[in-house]
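For reference, the chains in residue letters:
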Amino acid sequence: MIETKRWNLTENGSINLSMLREAADALVAGETIAFPTETVYGLGADATNEAAVSKIFQAKGRPQDNPLIAHVATKEQLLRLVENVPAYVDKLIDTFSPGPITYVLKSNGSCAPNVTAGQSTVGVRIPSHPIAIALLKACNIPIAAPSANLSGKPSPTTADHVWEDLHGKIAGLIDGGATGVGVESTVIDCTQATPVILRPGGITREELEDVVGNVTVDPALEHADPALKPKAPGMKYTHYAPEAPMWLVAGGNEKLQALIDELVDNGKSVAVLANRDSLEKLTVDHKFSLGETLEDTAANLYDGLRYYKKADVDIILCETYPEIGIGQAIMNRLRKAASKYIEE
Ligand code: AMP
Ligand code: MG
């Protein structure tokens, strides 16, 4: 166990510079610090320091073959980590960065080998959260930062989620309140003539296509064929799982209600995660509202997946969402979180 320091950088609306300096100095000294980004909380360490980066893998229990995303404050810093940058990446960076998008490009070797998990490519992103940007500028080094959760659990969207998973295992946590987007960045492979989505996320396929035309999706994400290996190693692991088993149920409220009634008749304690309108129509003891719009659902999703503990309920049911816009990222996460998918 190590002591985890907790800072609240924005208690009075502006960033407390002496606390920011303390957190930045700890990163430069090779410690692990969790901080908010606009997607989820990240667990950061100096991306050029192999020993510092190994502390991330240790704290999270992350498989060694799953590479980390390097976070930087500016386009110039991003370009300093990579080579062979296609022209369309320039356009994407100018349109979407800072923001929830990660570019996988050929590494020039500046990051420690465990950041890239020994691959020749590196994933790089410029976050837009004011605390993340201020921290990156204050330490002036690339920061490797996966989501700040224990591997396999839902990603953290509040400082309390991080604390629940990692206190005693990391040097510090910056509390910046709830994150905004709620699902992780879109990861795109930019080593080919056409960009390929390796993980759907905060920037949608439709938004990318508006800027660069044709964008494809890693076939391993769209087919349930186990022979297809995802190009983002992280996509092959069980992920985002709530404590109690969760079933994803397509087909609407009537079907959901019938299933609730059947489970309750069999003595089960049931919880439902759903849109506010759906919840109003359902009769069930435990309800968690994911909000109204798809954007609300993304923002509330991981809080919902963490909300019910094993001691409270036997089973969690969750409705499905249309796979348009951010709905693609939502359904990707829900499929991975669910132990069973009851299709229409
Ligand atoms: P996390 O930071 O925990 O949200 O996970 C980062 C995701 O990006 C994982 O799915 C990784 O496998 C993926 N990723 C990071 N770097 C690369 C890379 N160089 N090539 C392919 N996927 C990557
Ligand atoms: Mg993660």
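Below is a short write-up of the structure. Quick caveat: nothing in here was measured; it's all calculated off a predicted structure.

1. Focus: the packing of aromatic side chains
Then step 1. This model, assessed by the stated rule, comprises three aromatic pairs.
Then step 2. Between the aromatic rings of Tyr240 and Tyr302, the centroid separation amounts to 5.4 Å while the plane-to-plane angle is 15°, which identifies the pairing as stacked. Here the residue Tyr240 occupies a position in the loop between helix H8 (219–222) and strand S13 (246–249), and Tyr302 occupies one in helix H11 (residues 294–307), the gap between them amounting to 62 residues. Neither Tyr240 nor Tyr302 differs from the other in exposure class; each is buried.
Then step 3. Taken together, a centroid distance of 5.0 Å and an interplanar angle of 50° make the contact between Phe288 and Tyr307 tilted. One end of the pair, Phe288, is in strand S15 (residues 286–289); the other, Tyr307, is in helix H11, with 19 residues separating them in the sequence.
Then step 4. On the basis of relative accessible area, Phe288 is assigned to the buried category, the value being 11%.

2. Points about the site of ligand 1
Then step 1. In the neighbourhood of ligand 1, 21 residues make up the surrounding shell, with Arg62, Asn66, Thr121, Arg199 and Gly234 lying closest.
Then step 2. Within the side chain of Thr121, one N or O atom sits 3.1 Å away from a nitrogen atom of ligand 1.
Then step 3. At a separation of 3.3 Å, an oxygen atom of ligand 1 approaches a polar side-chain atom of Ser147.
Then step 4. Protein chains shield 96% of the accessible area of ligand 1, which is 500 Å² for the free molecule.
Then step 5. If you list the elements that add at least two residues to the shell around ligand 1, you get strand S7 (121–125) and strand S11 (196–199).
Then step 6. Sort the elements by how many residues they give to the shell around ligand 1 and S7 lands first, with three residues.
Then step 7. For the shell around ligand 1, a count of residues per class yields eleven nonpolar, six polar and four charged.

About the cut-offs
- Residues numbered from 1 in each chain as written.
- Chains lettered and ligands numbered in written order.
- Predicted model: local features only at pLDDT ≥ 70, side-chain atom pairs only at ≥ 80, totals over all residues.
- Heavy atoms only, no water.
- Phe/Tyr/Trp six-rings, centres within 6.5 Å; stacked < 30°, edge-to-face > 60°.
- Helix = DSSP H or I, 4+ residues; strand = E, 2+ residues; numbered from the N terminus.
- Buried < 20%, exposed > 50% of the residue type's maximum accessible area, 1.4 Å probe, protein only.
- Near = heavy atom within 4 Å.
- Polar contact = N/O pair within 3.5 Å; in protein donor to acceptor, adjacent residues only side chain to side chain.
- Areas by Shrake-Rupley, 256 points an atom, 1.4 Å probe, with all protein chains shown as cover.
- Nonpolar A, V, L, I, M, F, W, Y, C, P; charged D, E, K, R; others polar.

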